[in-house]
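Here is how the chains run, residue by residue.
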Amino acid sequence: MSADPTPASTEADCPDAAIDPITFAVIKSALDSIVDEMAYCVISTARSEIVKDVMDFSTCICGADGQMLAQAKTIALHLGAVPVAMDHVRQRYGDDMAPGDVIVLNDPYEGGMHLPDLFMFKPIFQGEELAGYAVAICHHTDVGGRVPGSNASDSTEIYQEGLRIPAVKLYERGRPNEMLFRLIEKNVRLPDIVRGDIDAQFAACRVGEREFGKLLQRYGGDEARRYLVALLDYAERLTREEIARWPDGAYSFTDYIDDDGFSDRPIPIAVRISVEGDRLIVDYEGSSPQVAGALNSTLSYTQSCTYLSVRCMLMGDVPNNAGVFRAIEVRAPEGSVLNPRLPAACAARALTGYRVVDAMFGALAQIVPDRVPAAGEGGNTVVCIGGARADRSPFIIVDMLCGAWGARPDKDGVDAITNPSQNMSNTPVEVMEAEHPVRIEAYELVPDSCGAGEFRGGLGIAREYHLLAPEAGLQLRADRVRFRPYGLDGGGPARGTHNSMRHDGRDAVEALPGKVSRRMVAGDIVRHEQPGGGGYGDPFRRAPERVLQDVLDGKITPAFAAREHGVAIDAAAGQVDLGETARLREQRPSSPDSTA
């Protein structure tokens, strides 16, 4: 099954001569300001850590025809999913929308991504005429289902994952749908938190409605619409001009997810990018069939990951709007892990999306090698700990741990930073400990976790969670245990993921697999070590003084320096042993390992 690009507007729709460049720039900047103001509203009014601290949400404005005009600097992976969800809203309600209406959905098979992500659409009217939509998407702490957090990787069908909401009105002409609110509150474990985050989305949509209305009023509806059409065309034109400079041809890459938690079988994510003039065809033929676990990515999310990957490689100030999508056609086989059939589970689909981005970057590195970094940590890890305190009040921790960038063609990778596809933040230790019965025993960089290269990858991070409640359920969704983040141009892969648990009163450390669902009791300590980023370039080309500085900074050990870079460090003297370094470099392996 393929997703056809949105048809381009014609010259007659928006003749360039009719567009004043100053007004165009003002309207473009105004839209960016509106969506960012919506985002600030979410942060300042949300209740859950996953929204207000981790910042797992997005805001955007769409035109009357449903095309996305601007997205805030929030979760980049939501970028391409909005149009598909919008299509379902418009198909369901058509002309049955009025001022004061608010429509929500979370069903992955009706344009959503996974059940915790609730889409909210508020139609914007000028008088009686539909003028656009304010949109907010938030990842909610819990939407019911078999496990706290509603995000387990070991669910086997969507019916286990929580409350599934088709496109339905949450407000109708300003009146709340009390039945739907009651249904949500009765099906989630933390109704006050969930309701608070829904209210934050609603407040953000009202901000978008108000500010977009002011923009339309200032310029007049018809005049503003001409500029909005021009803005979409502008993004398309910049995208096509950029792609036209890329070499025509077909470029393939395959990356892997370790497993789905039910078998040891690797899950290939295969991509073929065809550059044809000023457009791209991205085909995922050869990727894994849909899997038993909850790693399946619906087509809307696969499209979103694809658009994001291409958008990351575009030079210049290309607007984040639907015009970019017109130059990209996405094909994913029906029944595959990237376009599953109902009732495939998809709560943990983000992991698959991250691997789509990694595979796309691997193929794009063959097209624009000067712009693409080596693989990062593989996307965030989700550590979910849920249960009851001693007083039986419920708690749910959904910690999305962000790690490291891979090395770049001319720079080292970055330590302890969000994945490029996310724009998220790690939950502050102080917040987690204040809100939940857990103590964070360690939050640190992991030495030697980087991939070696002329430019080294970023270091991975580790966290240890010490449970203080009587008991809880643990769901750990991690990857890159076997298939480590790849290096480029001779750079080495990063170290893989390590998970472990120390039980209360015992010294022994129990190794855990990448994907875990199990019980914890008071005193148990779970440790997760993320991978670092892959290296770029031959590690033996890294200047010895830079290797020495990494050792002095505690980022790598002397043993790593000798093994990976052929540099002998006299740790006591704090200097390079030149004679031993010369000997090591004479004895280097014939070719450094540059793949996972």
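The preceding data block contains the structure.
Everything numeric in this text was worked out from a predicted model, so none of it was measured. (Residues numbered from 1 in each chain as written. Predicted model: local features only at pLDDT ≥ 70, side-chain atom pairs only at ≥ 80, totals over all residues. Heavy atoms only, no water.)

**What to know about the environment of serine 300**
Cut-off, in case you're wondering: By the criteria applied, helices consist of DSSP H or I runs no shorter than four residues and strands consist of E runs no shorter than two, each listed in order from the N terminus. For every residue, the accessible area obtained with a 1.4 Å probe (protein chains only) is divided by the maximum for its type, and the residue is called buried under 20%, exposed over 50%, and partly exposed between those limits. Every residue pair with non-hydrogen atoms within 4.5 Å of one another is taken to be in contact.
By the element assignment, serine 300 lies in helix H7 (residues 299-313). By relative accessible area, serine 300 is classed as buried at 5%. On a C-alpha basis, the gap between serine 300 and aspartate 504 in space is 44 Å, while along the polypeptide they are 204 residues apart. For serine 300, the residues in contact, after removing those within four places along its chain, are Gly80, Ala81, Val84, Gly111 and Gly112.

**Details of the nonpolar core**
For soluble globular proteins, nonpolar side chains are generally found buried alongside one another. Put simply, the rule reads: In plain words, nonpolar cores are sets of buried Ala, Val, Leu, Ile, Met, Phe, Trp, Tyr and Cys residues tied together by side-chain atoms within 4.5 Å.
The biggest cluster of nonpolar side chains holds 140 residues, and the ones touching the most others in it are Leu31, Ile61 and Trp246. Counting residues per element, this core draws most heavily on helix H5 (residues 191-219), at eleven residues. Contacts of tryptophan 246, omitting those with residues within four sequence positions, involve Val275, Leu280, Val310, Met313, Leu314, Leu364, Ile367, Val368 and Arg371. Of all hydrophobic cores here, the second largest spans 21 residues; its members include Phe395, Ile397, Ile440 and Leu467.

**So, the packing of aromatic side chains**
To be explicit about the condition: Here is the rule: rings of Phe, Tyr and Trp (six-membered ring for Trp) pair when centre to centre is within 6.5 Å. Planes less than 30 degrees apart are stacked, more than 60 are edge-to-face, and the remainder are tilted.
Under the criterion given, the structure shown has seven aromatic pairs. Here the aromatic rings of tyrosine 171 and phenylalanine 181 are separated by 5.9 Å at their centres, their planes lie at 80°, and the arrangement is edge-to-face. Here tyrosine 171, found in strand E7 (residues 168-172), pairs with phenylalanine 181, found in helix H4 (residues 178-187); they are ten residues apart in sequence, far enough to count as distant. The same class applies to tyrosine 171 as to phenylalanine 181, namely buried. Plain terms: the ring middles of tyrosine 171 and phenylalanine 202 are 4.5 Å apart, the flat faces sit at 10° to each other, and that makes the pair stacked. Placement of tyrosine 171 in strand E7 and of phenylalanine 202 in helix H5 is noted, with a sequence separation of 31 residues between them. Each of the two residues, tyrosine 171 as well as phenylalanine 202, counts as buried.

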